[in-house]
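Listed below, chain by chain, are the residues.
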Amino acid sequence: MADKLTLSVIKADIGGWVGHSSVHPAVSAVAERRLAEARESGLIVDGRRGRVGDDTALIMTHRGGGDSEDVHKFAWDTFLLMTDVARELGQYGAGQDLLSDSFSGNIRGMGPGCAEMEFEVRPSEPVIVFLADKTEPGAWNLPLYKIFADPFNTAGLVIDPNMHEGFDFEVHDLFEHKKVVFSAPADIYDMLVLIGAPARYVIKNVRRKNNGEICACTSTQRLSLIAGRYVGKDDPVMLVRCQSGLPAVGEVLEPFAFPHTVAGWMRGSHHGPLMPVAWEDDTPSRFDGPPRVVAYGFQITEAGMLGEPRDMLGDISFDRARQTALKVADYLRRHGPFEPHRLSLDEMEYTTMPMVLERLGQRFVDVPADTCD
Ligand code: F6R
Ligand code: MG
Ligand code: MG
């Protein structure tokens, strides 16, 4: 394990500037200082602060393996320190994602989102870290399917002999806490039955078929299922390794040229387009949205250094996707509180809607089944 590198991305909403739209620079500065200290102390090999909307991601390489207690504790303590500053500055919802009082060995189940991949670094290791705000983990189902299973998206599935076998997808049932592995292309129709319902079924990771090597992974925590009540959307992250027998950088970015519809947006209760944006546009505004995704590209070195990130979705080739997203946003917004802009009733169960329905309950009276007036 020692020679393997772990890429851990641990993220949380520590408080918004202003409302739920961004992160105050002084709060971000705490994350940056802590990452620099952890690098100096040798806890991590390298670290960068990522941001999308009101979420901060700690992007770290280290040798501690997945679920490293030291790395998770470092992230938790960093979020606590950020919360102190957020409170001082009156940031909105300071510490909102820290659902537990004390750290107990692992950050999973405590509120923050987490995605980790452990792998042997290739001589050149291009990795893209996607961060999304105002949406939920299932938002990655469609792009991951396209990247690793759709030859109309990924030419390499047809052309590159190293990819021709296809990939294995691990899909989690977030409600029943079960998982199943699908082998693409053989199982794609079965898989689509599940992943087409992204509120419940989420692709956790994708592996190479011949050797089980990790290619991509996502954060799958659902805050409402942890807290037992609505506490905002989960704002997931996704890590994807690229090139040399894996999908090329351009194949990994290609699905985001289509701003597909996701659940989230205002009050975590509306469908809207997932708009790809440049880093400087990562601030959900209109109706607290639309939901958006940014991408940090890294060229990881053999020594495990992340180096300087590149803004992978800022390019002009995504301008048209942004325009489409804005058009779709206009169209959907005109539905106001009506479905399908507003989520369906069973999904609203994980918002504050049950409280309203409970109150209304006393006003309902029975109507005989055959009555027509
Ligand atoms: C959605 C989100 C926002 C809030 C909304 C209400 O994920 O973060 O849309 O749900 O601004 O926020 P509160 O209830 O904090 O006033
Ligand atoms: Mg927030
Ligand atoms: Mg957020």
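This structure is a prediction, so every number in the text was calculated from the model and none was measured. (Residues numbered from 1 in each chain as written. Chains lettered and ligands numbered in written order. Predicted model: local features only at pLDDT ≥ 70, side-chain atom pairs only at ≥ 80, totals over all residues. Heavy atoms only, no water.)

**Student:** Please explain the coordination of the magnesium ion (ligand 3) as it appears in this structure.
**Tutor:** The reference angle at a metal is 109.5 degrees if four donors form a tetrahedron and 90 or 180 degrees if six donors form an octahedron. Surrounding the magnesium ion (ligand 3) are the protein donor atoms D54 (OD), D55 (OD), D133 (OD) and D235 (OD), which sit 2.0 to 2.1 Å from the metal. Look at where the donors of the magnesium ion (ligand 3) fall in the sequence and you get D-D-x77-D-x101-D. The two metals, the magnesium ion (ligand 3) and the magnesium ion (ligand 2), are separated by 4.7 Å and share D54 as a common coordinating residue. With a gap of 102 residues between them, D133 in strand β5 (residues 125-133) and D235 in the loop between α6 (223-227) and β10 (237-241) connect regions that are remote in the sequence. In this structure D133 comes out as buried when scored by relative accessible area, which is 0%. (Donors = N, O, S within 2.8 Å, 3.2 Å for Na, K, Ca; no water. Helix = DSSP H or I, 4+ residues; strand = E, 2+ residues; numbered from the N terminus. Buried < 20%, exposed > 50% of the residue type's maximum accessible area, 1.4 Å probe, protein only.)

**Student:** Would you take a moment to explain the pairing of strand β14 (residues 292-300) for this structure?
**Tutor:** One face of the sheet, then the other: side chains in a regular strand alternate in exactly this way. Of all nine residues making up β14, eight are buried, and the element is well covered by its neighbours. By the bridge criterion, nine bridges tie β5 to β14 in an arrangement that is antiparallel. Looking at β14, one finds that V129 is bridged to Y296. Pairing analysis gives two bridges linking strand β13 (residues 275-276) to β14, with the strands arranged parallel. Residue pairing in the sheet places M275 in a bridge with R292 of β14. Here β14 runs beside strand β15 (residues 310-311); their pairing, made up of two bridges, is antiparallel. Counterpart to G297 in the pairing with β15 is R310. (Pairing = 2+ DSSP bridges.)

**Student:** Explain the domain arrangement of the protein to me, please; I cannot follow it from the model alone.
**Tutor:** Looking at the assigned domains, one finds that the protein contains domain 1 (1-120) and domain 2 (122-360). Taken over C-alpha atoms, the centre of domain 1 sits 20 Å from the centre of domain 2. Contacts between domain 1 and domain 2 engage 37 residues on the former and 42 residues on the latter. Together domain 1 and domain 2 conceal approximately 2900 Å² of surface at their shared face, both sides included; 64% is due to carbon and sulfur atoms. (Domains from an automatic or database assignment. Contact = heavy atoms within 4.5 Å. Buried area = accessible area lost by both parts, 1.4 Å probe.)

**Student:** Quick question: what am I supposed to make of the packing of aromatic side chains here?
**Tutor:** Centre distance and the angle of the planes are the two values used to describe a pair of aromatic rings. As enumerated under the stated definition, the model contains six aromatic pairs in all. Taken together, a centroid distance of 6.2 Å and an interplanar angle of 50° make the contact between F130 and W140 tilted. On the criterion of sequence distance, the pair formed by F130 in strand β5 and W140 in the loop between β5 and α3 (141-149) is long-range, its members being 10 residues apart. Here F130 falls in the buried class, since its relative accessible area comes to 0%. (Phe/Tyr/Trp six-rings, centres within 6.5 Å; stacked < 30°, edge-to-face > 60°.)

**Student:** How should the nonpolar core be read in this particular structure?
**Tutor:** The nonpolar side chains of a soluble globular protein tend to be buried with one another. If you look at the biggest cluster of nonpolar residues, it comprises 40 residues, and the most contacted ones within it are F130, F148, F167, F169 and F256. Beyond its immediate chain neighbours, meaning those up to four positions away, F148 contacts L157, F167, F169, V206, C215, A216, V240 and P247. Counting 26 residues, the second largest nonpolar core, distinct from the first, contains W76, F79, A94 and I107. (Core = buried A, V, L, I, M, F, W, Y, C linked by side-chain atoms within 4.5 Å.)

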